[in-house]
Amino acid sequence: MNTTVVLMFLFFVSLTLLITYFASKRTNSASDFYTAGGGLTGWQNGLAIAGDYLSAASFLGIAGAIALWGFDGFFYSIGYLTAYLVVLYIVAEPLRNLGKYTLADMIAARFELKKVRATAAVSSITIVIFYMLAQLVGAGALIQLLFHIPYTAAVILVGIMMTIYVLFGGMTATSWVQMVKAILLMIGTMIISFLVLMHFDFSMTKMFGAMQNISSPDLKSDFINPGSQGKSPLDNISLIIALLFGTAGLPHILMRFFTVKDAKTARSSVMWATWIIGIFYILTIFLGFGAASLLSREEIIAANPAGNMAAPLLAEKLGGDLLMSFVSAVAFATILAVVAGLVLSGASAFAHDIYGEVIKKGQISEKEQMTAAKIASVAVAVLSIILALFAQNLNVAFLVSLAFCVAASANLPVIVYTIFWKRFNTQGAIIGIIVGLLTSLVLVILSPNVMNPAGTAFITANPIFPLANPAIISVPAGFIAAFFGTFLGKEEAAEKFEEVQVKSITGISTADVTH
Amino acid sequence: MGYDYDRIAHDDEFQELKAKRHQFIFPITVFFIIATLLFPVLTGYTTFLNHIAFWNISWAWIYALLLFIMVWTLVTIYMNKARSFDKASERIVMKYKGGPDR
C-alpha cells in the first residue's frame, strides 16, 4: 500500500464519519432512521438510488468483463438499466403512496393479515442476505487486491464501517454516503473514459476498429460481437428476465422510495437515477475497451481471473499512482454505500415488519421502535459478517443474480397484482411469494452453480437444471401461482382494493402525512 | 384519516383518471418488455445483428444504444404525462378533502 492510497482512503473514511456525525443529530425517530424523515429531494434520492444500485460488481466487474469478453461483458447492462422502466411505470408511485418503511407495508395496505406481512418480510430478508453475502465476499476479495490487507480483516473493516453508518446515522447517513459515492464514481469513470477516448484520438471508429483486431483462443466468437462467452441463449434470456423484473422487487432499492415526501418526488428520483446509471453503463464501454487495448489479456487475468482489476490497472496505466489510488478509494466507497443500504433494508424487515407489526401487532412506542431497529441492524451486520467469513472460498458471484431472481419471482407478481388486480386475495399473495421463492431456490440448487461435474461447485455431479439463472421458469411460476392461489381462497370484499387504488393513484393518504 | 374511499373510487373523475393512467402505462410496458427481451433472443439465435450498420459499428451495438435511448425517452414521456395526471388527481383530492369549508 502506498501513501496516496492510504491518504485517499483516510479522506473518504473521515468524510463519511463526519456525515454520520451530523446525521446522528437528526436521527430521532423511527421515520428518521428508516427513511431520513422522508425529506430527500428528487435529485438527492436519484443519486442515492444510483449509489445503492451501482455496486463494485458493476464498476469493477462490468469494466473487467468488457475488457475480457467485449460485447458479452456489456450485454447485461441492458437488463440492469431497462429494469428502471418497470420501477417507474409500475412500482414507484403506488409504492410511495401505499407504504411507509417496507415493501411488506405496501402489500399489507391491502391485506391486513399478519401472515401476509410475515411472508413478504421473509422473502425480503432472503434477498437481502443473498445480496449482502455476495457483496461482502466480493468486497473482502477486492479490498485484498486493492489494499493488500487480508480477507478477514477486510470483511471486518467493511462490517464495522457499515454498522457505524447505519447504527448512528440511519438512513440519513446511508443516503449521503450513497450520494457521495455516486458522485465520486461518476467522476472516476468520466476521467478514465476521457483519457481512453483521448488515446483513440476521440474517434469511435478508431476505437471499434482496434476492438475488431482483438483475438484470443478463449473467445467463442469475435470480441466485438455477441457470443464470446459461449453461453447458451436461454441462459442469457433468463438472466435478462431476472434483471428486468427483479430490480423492482429489491428491498433496498424499494426502500429508497420512502425517503421522499410524495409520488412526484419518487418519480423524479427515478428520472435522475436512470440518467446517472445509464451514462455510467455507457462509460463502462470505454473503460472496458481501454483496458482491452492498453493492457494485455494475460495481465488482466493474472491480477484477477474475473477481470475485476482491469479498471484499477487501466487507471494506473493512464493516470499513474494518483488515478489508481482514486479509483481504489472509489471502489471502497462503492462497497460501503451498497452494504449500508442492505443492512438498513434487512433491519427494517426484521424490526418493523416482523417484530413491530407481527409480534407486537403494531402496539409499539417510538422509543421501542428505534431500539428494535438498532438491535436488528447490528444483528443483520454481525450475521452477514460471520457468513461472509465462512464463505471466503466459495464462488458466490451467482448470489447477486439469485437475489434478482427471487425479487422478480416472489415480490414482483404480488406487487403487480396488489395494485392492479381486483380479485387478488390473501391466499394468492402468500402462495405467490412462497412458490416464487421456493422455485428460485430449488432450481438454483439443481443448477450448474451448485452442481458441476468438474467439481468447481458445491456438489460434483451433473446439474439437474441446465440454466445458471432460473428466472425464465421461476418468474412465470410466481405469477401463475399467485393467480391460481387466488382462486383457492374466497373472494374478498372490493372495498380494500378500491381503497388501494384510490390511495395509489391520488396519493390522498400521504398528502396530509406531515414528516 | 377516514376518507370515503368507496365514494372516491366511484367518482367519475377518478374513474376517468384511472382509465387514462392504465391506458398509458400498459401498452408502453408491453412495448419495453418486448424490446428488451427481443435483444437476447436475437443475439442468441441469429447472427444478423453482427453485420456492420455504419462506419465499423455493428447492429448489435446500435440495438443496445437504441435501448438506452428508449429508456431515457420513455422516462421523459412518463414525466410529462404524469404531470397531467397530477392535475386531475389534485382536483380529486381537493374535492374530497373538503377544502377550506370543512
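Residues numbered from 1 in each chain as written. Chains lettered and ligands numbered in written order. Predicted model: local features only at pLDDT ≥ 70, side-chain atom pairs only at ≥ 80, totals over all residues. Heavy atoms only, no water.

Chemist: Report on the overall build of chain A, specifying residues and quantitative values.
Modeler: Along chain A, the regular secondary structure elements total 20 helices and zero strands. Here the C-alpha radius of gyration of chain A, 22 Å, is about what a compact globule of 515 residues would show, namely 24 Å. Counting across all 515 residues of chain A, residues that qualify as buried make up 65%. In chain A, the share of contacts with a sequence separation of at least 24, taken over all contacts with a separation of at least 6, comes to 82%. Per element, the accessible surface of chain A, about 17500 Å² overall, is 68% carbon and sulfur. A distance of 6 Å separates the average location of the 27 positive side-chain charges in chain A from that of its 25 negative side-chain charges. (Helix = DSSP H or I, 4+ residues; strand = E, 2+ residues; numbered from the N terminus. Rg over C-alpha atoms; globule rule 2.2 N^0.38 Å. Buried < 20%, exposed > 50% of the residue type's maximum accessible area, 1.4 Å probe, protein only. Contact = heavy atoms within 4.5 Å. Areas by Shrake-Rupley, 256 points an atom, 1.4 Å probe, with all protein chains shown as cover. Lys, Arg positive; Asp, Glu negative; His and termini not counted. Charge placed at Lys NZ, Arg CZ, Asp CG, Glu CD.)

Chemist: Pulling in residues and values, what's your account of the interface of chain B and chain A?
Modeler: In this assembly, 56 residues from chain B lie in contact with 51 residues from chain A. Here chain B packs against chain A, burying approximately 5200 Å² in sum over the two surfaces, 77% of which is carbon and sulfur. The salt bridge partner of Asp86 of chain B is Arg267 of chain A, with a shortest N-O separation of 2.8 Å. Taken together, chain B and chain A are joined by eight residue pairs in polar contact (both at pLDDT 80 or more). Put simply, the parts of the chain that give the side of chain B that touches chain A at least two residues each are helix H1 (5–9), helix H2 (12–45), strand S2 (57–58) and helix H3 (59–97) of chain B. Residues that form the side of chain B that touches chain A fall into these classes: 39 nonpolar, 10 polar and seven charged. (Buried area = accessible area lost by both parts, 1.4 Å probe. Salt bridge = Lys/Arg side-chain N within 4 Å of Asp/Glu carboxyl O. Polar contact = N/O pair within 3.5 Å; in protein donor to acceptor, adjacent residues only side chain to side chain. Nonpolar A, V, L, I, M, F, W, Y, C, P; charged D, E, K, R; others polar.)

Chemist: Outline the nonpolar core, listing residues and values.
Modeler: Counting 225 residues, the largest nonpolar core has Tyr89, Tyr281 and Phe289 of chain A as the members making the most contacts within it. A per-element tally of this core places helix H15 (residues 310–359) of chain A first, with 23 residues. (Core = buried A, V, L, I, M, F, W, Y, C linked by side-chain atoms within 4.5 Å.)

Chemist: Before we move on, can you summarise unusual backbone geometry with the specific residues and values?
Modeler: Residue and element names in this part refer to chain A. With phi around 55 degrees, Ala36 is a residue other than glycine that occupies positive phi space. Not every positive phi belongs to a glycine, and His148 is a case in point at roughly 55 degrees. By secondary structure assignment, the location of His148 is in the loop between helix H8 (114–147) and helix H9 (151–199).

Chemist: A description of the packing of aromatic side chains should follow, citing residues and the corresponding values.
Modeler: Following the criterion strictly, the structure yields 43 aromatic pairs over all chains and no others. Every member of this aromatic cluster is reached through a ring pair, and the members are Phe71, Phe74, Phe75, Tyr76, Phe208, Trp275 and Phe289 of chain A together with Phe39, Trp61, Tyr63, Phe68 and Trp72 of chain B. Its end group placed over the ring of Trp69 of chain A, Arg297 of chain A keeps NZ or CZ at 5.2 Å from the ring centre. (Phe/Tyr/Trp six-rings, centres within 6.5 Å; stacked < 30°, edge-to-face > 60°. Lys NZ or Arg CZ within 6 Å of the ring centre and 35° of its normal.)

Chemist: Describe in detail the environment of Val400 of chain A, supporting the description with residues and values.
Modeler: All names here are of chain A. Take Val400: it is sitting in helix H17 (residues 398–420). On the accessibility criterion, Val400 (16% relative accessible area) is buried. Expressed as a C-alpha distance, the spacing of Val400 and Phe130, which sit 270 residues apart in the sequence, is 6.7 Å. Sequence-distant contacts of Val400, defined by excluding residues within four places in its chain, comprise Tyr131, Ala134 and Gln135.

Chemist: Describe helix H4 (residues 56–69) of chain A, naming the residues involved and giving the relevant values.
Modeler: Residue and element names in this part refer to chain A. Between its first and last C-alpha atoms H4 spans 18 Å; for 14 residues at 1.5 Å apiece the expected length is 20 Å, and the two agree. The element H4 is largely enclosed, with a buried count of 12 among its 14 residues. Listed in full, the buried residues belonging to H4 are Ala56, Ser58, Phe59, Leu60, Gly61, Ile62, Ala63, Gly64, Ala65, Ile66, Ala67 and Leu68. Within two residues after H4, Gly70 carries a phi angle of roughly 60 degrees, on the positive side. (Expected span 1.5 Å × (residues − 1).)

Chemist: So what's going on with the pattern of salt bridges? Which residues, and what values?
Modeler: Per the stated rule, a full pass over the model turns up 11 salt bridges over all chains. When the shortest N-O distance is used, the salt bridge between Arg423 of chain A and Glu491 of chain A registers 3.8 Å. With Arg423 of chain A in the loop between H17 and helix H18 (426–445) and Glu491 of chain A in the loop between helix H19 (471–488) and helix H20 (494–506), the pair connects residues that are 68 residues apart, well separated along the chain. Note on Arg423 of chain A: relative accessible area 18%, which makes it buried. Relative accessible area serves as the criterion here: at 59%, Glu491 of chain A is assigned to the exposed category. Connected via shared salt-bridge partners are Glu93 and Arg267 of chain A together with Asp86 of chain B.

Chemist: Any chance you could break down a nonpolar patch on the surface for me, citing the residues and the numbers?
Modeler: Taken together, the side chains of Leu234 of chain A together with Val30, Ile34, Leu38, Val41 and Tyr45 of chain B make up a nonpolar region of the molecular surface, amounting to roughly 520 Å² of accessible area. Ranked by residues supplied to the nonpolar patch, first place goes to H2 of chain B with five residues. The residue Val41 of chain B is located in helix H2 in this model. (Patch = residues over 30% accessible without salt bridge, like charges linked within 9 Å, V, L, I, M, F, W, Y side chains within 5 Å.)

Chemist: Give me H20 of chain A: which residues, what numbers.
Modeler: Spanning 13 residues, H20 of chain A covers 18 Å between terminal C-alpha atoms, matching the ideal 18 Å at 1.5 Å per step. Of all the 13 residues making up H20 of chain A, 10 are buried; the element is thus mostly covered by neighbouring parts of the structure. Among all positions in H20 of chain A, only Phe497, Glu498, Glu499, Val500, Gln501, Val502, Lys503, Ser504, Ile505 and Thr506 of chain A are buried. Where H20 of chain A is buried, its residues meet helix H6 (77–98) and H17 of chain A together with H1, H2 and H3 of chain B. Phi for Gly507 of chain A, located one or two positions after H20 of chain A, is positive at around 70 degrees.

Chemist: Account for the packing of H9 of chain A against helix H16 (residues 366–390) of chain A, naming residues and giving values.
Modeler: All names here are of chain A. Running from N to C, H9 and H16 cross one another at 170 degrees; their axes reach a closest spacing of 10 Å. As the angle between them shows, H9 and H16 are arranged roughly antiparallel. Between H9 and H16 the crossing geometry is right-handed. Counting all contacts with H9, which are made through Tyr151, Thr152, Val155, Ile156, Gly159, Met162, Thr163, Val166 and Leu167, the residues of H16 involved are Lys374, Ser377, Val378, Ala381, Ser384, Ile385, Ala388 and Leu389. When its residues are assigned to classes, the contact of H9 with H16 shows 11 nonpolar, five polar and one charged. (Axes fitted to C-alpha atoms, helices over the stretch in contact; angles between N-to-C directions. Parallel < 35°, antiparallel > 145°, perpendicular 65-115°, else oblique. Left-handed = near helix turned anticlockwise from the far one by under 90°.)

Chemist: Outline the confidence of the model for chain A, supporting the account with residue identities and numerical values.
Modeler: All names here are of chain A. Model confidence for chain A is summarised by a mean pLDDT of 86, while 98% of its residues fall at 70 or above. When pLDDT is averaged over each element of chain A, H19 comes out on top at 93 and helix H10 (residues 204–212) at the bottom at 80. This model gives residues 511–515 a pLDDT under 50, and the stretch forms eight contacts once residues within four places in sequence are excluded. (pLDDT = per-residue confidence, 0-100.)

Chemist: Before we move on, can you summarise the packing of helix H11 (residues 233–246) of chain A against H2 of chain B with the specific residues and values?
Modeler: For the pair H11 of chain A and H2 of chain B, the least separation of the axes is 8 Å and the interaxial angle reads 160 degrees. Compared by their axis directions, H11 of chain A and H2 of chain B come out roughly antiparallel. You can see that H11 of chain A and H2 of chain B cross each other, and the crossing is right-handed. Facing H11 of chain A, whose interface residues are Pro233, Leu234, Asn236, Ile237, Ile240, Ile241, Leu244 and Phe245 of chain A, H2 of chain B presents Ile33, Thr36, Leu37, Pro40, Val41, Gly44 and Tyr45 of chain B.

Chemist: Can you break down the environment of Phe59 of chain A residue by residue, with the values?
Modeler: Residue and element names in this part refer to chain A. Its location among the elements puts Phe59 in helix H4. Accessibility expressed as a relative area gives 1% for Phe59, which makes it buried. Residues Phe59 and Val343, spaced 284 residues apart in sequence, show a C-alpha to C-alpha distance of 21 Å. Apart from the residues lying within four places of it in its own chain, the contact partners of Phe59 are Leu185, Thr189, Phe280, Leu287, Val327, Val330 and Ala331.

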